[in-house]
Amino acid sequence: MDKMKKMGLLGATALIGAGLAALSEEKIKEFVREKIEEGQMTKEEGKLLVEDLVSETKKQRLNLEKNIIEKIQNTIQMADKELENLSDKIDEIKIRELECELEKMKSLRKAKK
């Protein structure tokens, strides 16, 4: 696979992870705001909860991104190996076809003599 395509795929994965983290952070803040407004926690408790949850979300996102990138890289390596094997097989088939053509030409030349 082309290196630019590989980097594009990995970059897209990172952007998706960042987008999910931003969405999660906003949802966490919204949830905590509601709990503060309902009087179920203080602003200070809410602030600490947001920090803890956002931190944990970021850790989980990084782990997820790492796992996704590893799986993508493994898949790309497997695909590259498979393409190399297929290329070798194609080369072998072409060589056999050329050898057959050569033998046919030799046979025709002998038949003409």
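Structure's up top.
Presented here is a report on the structure given in the accompanying data block. Note that the structure is predicted; figures quoted are calculated from it, not measured.

**Section: the pattern of salt bridges**
A complete count under the given rule lists 6 salt bridges for this structure. A salt bridge links Arg-33 to Glu-26, with the shortest nitrogen-to-oxygen separation between them at 3.5 Å. For Glu-26, a relative accessible area of 41% puts it in the partly exposed group. Note that Glu-65 is salt-bridged to Arg-61, the shortest N-O span being 3.1 Å.

**Observations concerning the environment of Gly-46**
Here Gly-46 lies in helix H2 (residues 43–112). Along the primary structure Gly-46 and Phe-31 are separated by 15 residues, whereas in three dimensions their C-alpha atoms are 9.4 Å apart. If we skip the residues at most four places from it in the chain, Gly-46 touches Val-32, Ile-36 and Met-41.

**Quick word on H2**
Its 70 residues place the ends of H2 100 Å apart at the C-alpha level, agreeing with the 104 Å of an ideal helix rising 1.5 Å per residue. Considered for burial, the residues of H2 that qualify are Gly-46, Val-50, Val-54, Arg-61, Glu-65, Ile-72 and Ile-76.

Rules and cut-offs
- As a convention, each chain's residues are numbered from 1 in the sequence order in which they are written.
- Note on the predicted model: pLDDT of at least 70 is required for a residue's local features to be given, and 80 or more for side-chain atom pairs to be given and counted; whole-chain, interface and lining totals, by contrast, use all residues.
- Only hydrogens and water are removed before side-chain values are computed, so all heavy atoms of the structure are retained for them.
- A pairing counts as a salt bridge when a side-chain nitrogen of Lys or Arg comes within 4 Å of a carboxyl oxygen of Asp or Glu.
- The rule is simple: take the accessible area with a 1.4 Å probe, protein chains only, and divide by the maximum for that residue type; under 20% is buried, over 50% is exposed, in between is partly exposed.
- Helix and strand definitions here come from DSSP, where helices need a minimum of 4 consecutive H or I residues and strands a minimum of 2 consecutive E residues; each element is numbered from the N-terminal end.
- The contact criterion used throughout is that any non-hydrogen atoms of two residues lie within 4.5 Å.
- In this analysis, the expected span of each helix is defined as 1.5 Å times one less than the number of residues it contains.

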